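Listed here are the chains, written in short residue letters.
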Amino acid sequence: MANKIQSSIGIVLVSHSQKVTEGVKDLILEMNGDNVNVHSAGGTEDGRLGTSATIIMSKIEELQECENILIFYDMGSALLSAETAIDLLDEGLQAKCKIVEGPIVEGAFVASVQSTITNDVGVIVEEVSKL
Amino acid sequence: MLTVQLVQEWMKKTNERMQENKAYLTELDQAIGDSDHGINMSRGFREVVNKLEQSAYDDVSTVLKDVAMTLMSKVGGASGPLYGTAFLKLSTALKGKDIVNKEDLAAGLEAAANGIQHRGKSTTGEKTMVDVWVPVVLWWKGQDEINAEGLEKVAKEAMESTKSMEATKGRASYLQAKSVGHIDPGSTSSYYIFKSLAEVLV
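Here's what I pulled together on the structure shown here.

Parameters at a glance
- Residues numbered from 1 in each chain as written.
- Chains lettered and ligands numbered in written order.
- Predicted model: local features only at pLDDT ≥ 70, side-chain atom pairs only at ≥ 80, totals over all residues.
- Heavy atoms only, no water.
- Contact = heavy atoms within 4.5 Å.
- Buried area = accessible area lost by both parts, 1.4 Å probe.
- Salt bridge = Lys/Arg side-chain N within 4 Å of Asp/Glu carboxyl O.
- Polar contact = N/O pair within 3.5 Å; in protein donor to acceptor, adjacent residues only side chain to side chain.
- Helix = DSSP H or I, 4+ residues; strand = E, 2+ residues; numbered from the N terminus.
- Nonpolar A, V, L, I, M, F, W, Y, C, P; charged D, E, K, R; others polar.
- Core = buried A, V, L, I, M, F, W, Y, C linked by side-chain atoms within 4.5 Å.
- Buried < 20%, exposed > 50% of the residue type's maximum accessible area, 1.4 Å probe, protein only.
- Patch = residues over 30% accessible without salt bridge, like charges linked within 9 Å, V, L, I, M, F, W, Y side chains within 5 Å.
- Areas by Shrake-Rupley, 256 points an atom, 1.4 Å probe, with all protein chains shown as cover.

With 18 residues of chain B in contact, the opposing surface of chain A contributes 18 residues. The contact between chain B and chain A buries some 1300 Å² in all, and 52% of this surface belongs to carbon and sulfur atoms. Run the count over chain B and chain A and you get four salt bridges. As a salt-bridge pair, A:Glu45 and B:Lys74 come within 2.8 Å of each other at their nearest N and O atoms. Along the contact surface separating chain B from chain A lie ten residue pairs in polar contact (both at pLDDT 80 or more). Those elements that place two or more of their residues in the side of chain B that touches chain A are helix 3 (37-54), helix 4 (60-74), helix 5 (79-93) and helix 6 (102-120) of chain B. Partitioning the side of chain B that touches chain A into residue classes produces eight nonpolar, six polar and four charged.

Structure below.
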């Protein structure tokens, strides 16, 4: 097995449910420890079901030191809010962001594991697309 | 003409309509969507009014930006990023304008309608809020002067036109032909926004 590296990839999880994104984050941290950079951006500011472009934006901004930021979403307005969040960012950070098509649980999990062995974002997205 | 005070009034009236019609919007959304439009709109515009009351503004563009950011963060459903984008585009188009005239508003509302279509990857005839925004903008551009009465009428007719449409975008599209016969909830909340605008325009 390849040596683990400190990842330069950031992962942001977007779902209507904060429980979903917190749960996926827990799974990822359990598997990878502190080697990965993962943020939960599910639910609304007042804890309802829904998504918030400004929460997503601030979670992306917290990862601005990363070279690439992968965003996973579940459905419907989660994508619209993720796209809106990216539009609100400055251009340098926008260029780092990629919304990844794939199941949020398995996709983010695979991406996080991959991010501990490679910083090649193309390889990581390719692995997710195989799911 | 639109001023800071009139935009604040516009949002107050919009909020009142969203609160009064919360149950009706939910009912429309129960028929073809996920039943959250009334809750999301009432929550979003209440927060908009709260935000505007807490702040002092020098120009229309800044007020509209706060409207946009509040809707994006507080609504929760798809209408948050859609209306948020619309008001953000409107804000950007009106940047630097002390007094917003009919032509400025035409350009602003067109940018807003384009923003909604871009964000929702949607066009007219798909039984969405786009079916109100686009005809309203086209009509507005063809007017020689501000015609508040006409604005309300055009927006209302546009909303009603969604009843006979089959949904091909959004959650209602899962229902396909079954969506015919119901007015689209997003077109209804858009009508409330334009009806309220018509009431404050001078």
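Next comes the rest of the account.
Before going further, it helps to spend a moment on the side chain of B:Thr70. Mapped onto the secondary structure, B:Thr70 falls in helix 4. B:Thr70 has contacts with B:Gly44, B:Glu47, B:Val48, B:Lys51 and B:Val75, leaving out every residue within four places of it along the chain.

Judged by nonpolar contacts, the single largest core of 58 residues is most densely connected at B:Leu2, B:Trp10, B:Phe87 and B:Trp133. For this core, the element with the highest residue contribution is helix 7 (residues 130-141) of chain B, accounting for eight residues. Setting aside its immediate chain neighbours within four residues, B:Leu2 contacts B:Val7, B:Trp10, B:Val60, B:Ile99, B:Val100, B:Leu105, B:Leu197, B:Val200 and B:Leu201. With 23 residues, the next largest nonpolar core counts A:Ile55, A:Ile60, A:Cys97 and B:Met72 among its residues.

Turning our eyes to something else, we now look at a nonpolar patch on the surface. All names here are of chain B. Judged by side-chain polarity, Met1, Ile99 and Val202 come together as a nonpolar surface patch covering roughly 290 Å² of accessible area. For Met1, the position within the fold is in the segment before helix 1 (4-20). For Met1, a relative accessible area of 34% corresponds to the partly exposed category.

Spatial relationships are all this shows, so hold off on functional conclusions.
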